[in-house]
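Read off the chains here:
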Amino acid sequence: PSLAPDALIAEVKRLAGRALELSEAFVQSAQAQSKPLELADGDLRALLVAALRDVAPQALAREVRLELHTGDAATVSAQFDHELLARAVDNLLTNAIKFSPQRSTVWVGLESSASGHVLTVRDQGAGMDAQQLTRLFRAYSRAGAAPSASGVGLGLQFVRRVADRHAGWVRVDSQPGQDRHYRSADAA
């Protein structure tokens, strides 16, 4: 069956957008693994504020409230690759917003101690079972994603690579029907 011209144009636009999304995900994944790490002094709190500002339109569209909890610290100094870490945080926040129900909240927390910094992103999504959690950080895995959800399954793999390259870790605590917690930490 042939498509009407308007439907054909819409389908071409959809496929072109999907191809662009896929190519950007491949480039990000390759950069996370091979880009020389450019560590510099920076403010983790400021990075989070900027990331929340960047994803605010997505959150607004889904009626998801964003909350930042960093304690009393006006700044949180650390050494990190700003470009890679900013993209990793964006991936976490975008994921949390995408899988949160409308009119819910995504919480972002930052804790610091002598041993390092811990970033937590918590959403109110459907949660994941143990089997889904084992696949979560694999390439092209979309554990817990509805078939209609966008994405290619490289975002959380990117997050893990960035955490690894910063001598840190990332994990997800989740159970079906409960909030999902993404926690990532690095050395001080």
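For the structure, see preceding data.
Residues numbered from 1 in each chain as written. Predicted model: local features only at pLDDT ≥ 70, side-chain atom pairs only at ≥ 80, totals over all residues. Heavy atoms only, no water.

J.: For this particular structure, what's the right way to read helix α5 (residues 155–165)?
T.: For an α-helix the count is 3.6 residues per turn, leaving residues at separations of three or four pointing the same way. Every buried residue belonging to α5 is among Leu156, Gln157, Phe158, Val159, Val162 and Ala163, and all of these are buried. Where α5 ends, the next residue or the one after it, Ala167, has phi of about 60 degrees, a positive value. (Buried < 20%, exposed > 50% of the residue type's maximum accessible area, 1.4 Å probe, protein only. Helix = DSSP H or I, 4+ residues; strand = E, 2+ residues; numbered from the N terminus.)

J.: Looking at this structure, I do not really get a nonpolar patch on the surface. What am I missing?
T.: Together, Leu3, Leu8 and Val12 give the surface a local cluster of nonpolar side chains, amounting to about 270 Å² of exposed area. Tracing the backbone through its elements, the reader meets Leu8 in helix α1 (residues 5–34). (Patch = residues over 30% accessible without salt bridge, like charges linked within 9 Å, V, L, I, M, F, W, Y side chains within 5 Å. Areas by Shrake-Rupley, 256 points an atom, 1.4 Å probe, with all protein chains shown as cover. Salt bridge = Lys/Arg side-chain N within 4 Å of Asp/Glu carboxyl O.)

J.: It is not clear to me how the nonpolar core should be interpreted in this structure. Could you clarify?
T.: Across soluble globular proteins, nonpolar side chains show a tendency to be buried alongside one another. Ranked by internal contacts, the top residues of the largest apolar core, which has 33 residues, are Val89 and Leu93. Elements represented by at least two residues in this core include exactly α2 (44–61), β3 (77–80), α3 (82–98), β4 (105–113), β5 (116–123), α5 and β6 (169–173). The biggest single contributor to this core is α3, with eight residues. Excluding anything up to four places from it in sequence, Leu93 contacts Ala51, Leu52, Val55, Val106, Val108 and Val121. (Core = buried A, V, L, I, M, F, W, Y, C linked by side-chain atoms within 4.5 Å. Contact = heavy atoms within 4.5 Å.)

J.: How do you make sense of the pattern of salt bridges when you look at a structure like this?
T.: Any two side chains of opposite charge can pair, so long as their charged atoms come close to each other. For the structure on display, the rule yields three salt bridges. The salt bridge partner of Glu63 is Arg103, with a shortest N-O separation of 3.1 Å. Separated by 40 residues along the polypeptide, Glu63 in the loop between α2 and β2 (65–69) and Arg103 in the loop between α3 and β4 bring together distant segments of the chain. Judged by relative accessible area, which is 62%, Arg103 ranks as exposed. A salt bridge links Arg65 to Glu67, with the nearest nitrogen and oxygen atoms 1.9 Å apart. Here Glu67 falls in the buried class, since its relative accessible area comes to 18%.

J.: Whenever I open this one, the side chain of Thr105 confuses me. Can you help?
T.: Mapping Thr105 onto the fold places it in strand β4. Setting aside residues up to four positions removed in sequence, Thr105 forms contacts with Val64, Arg65, Glu67, Arg122, Asp123 and Gln124.

J.: I would appreciate a short explanation of the packing of α2 against α3 in the present structure.
T.: In helix packing, the relevant descriptors are the interaxial angle and the interaxial distance, both defined with respect to the helix axes. Their axes nearest at 9 Å, the elements α2 and α3 cross at an angle of 40 degrees. Accordingly, the angle class assigned to the pair α2 and α3 is oblique. Crossing of α2 over α3 shows right-handed handedness. Where α2 abuts α3, its residues Leu44, Leu47, Leu48, Ala51, Leu52, Val55, Gln58 and Ala59 lie against His82, Leu85, Ala86, Val89, Asp90, Leu93, Thr94 and Ile97. (Axes fitted to C-alpha atoms, helices over the stretch in contact; angles between N-to-C directions. Parallel < 35°, antiparallel > 145°, perpendicular 65-115°, else oblique. Left-handed = near helix turned anticlockwise from the far one by under 90°.)

J.: I tried to follow the environment of Gln157 on my own but got confused; where do I start?
T.: Its location among the elements puts Gln157 in helix α5. Relative accessible area serves as the criterion here: at 12%, Gln157 is assigned to the buried category. For Gln157 and Ala88, which are 69 residues apart along the polypeptide, the C-alpha to C-alpha distance reads 9.5 Å.

J.: How should the packing of α3 against α5 be read in this particular structure?
T.: For the pair α3 and α5, the least separation of the axes is 9 Å and the interaxial angle reads 140 degrees. Crossing angle aside, the handedness with which α3 passes α5 is left-handed. Of α5, the residues touching α3 (which contributes Leu84, Leu85, Arg87, Ala88, Asn91, Leu92 and Asn95) are Gly155, Leu156, Phe158, Val159, Val162 and Arg165.

J.: Please clarify how the pairing of β4 should be interpreted in this entry.
T.: The pairing of β2 with β4 spans five bridges and is classified as parallel. Paired with Glu67 across the bridge in β4 is Trp107. Bridge count for β4 against β5 is seven bridges, and the pairing is antiparallel. Each bridged residue has a counterpart across the sheet, and for Val108 the counterpart in β5 is Val121. The turn linking β4 back onto β5 is made up of two residues. (Pairing = 2+ DSSP bridges.)

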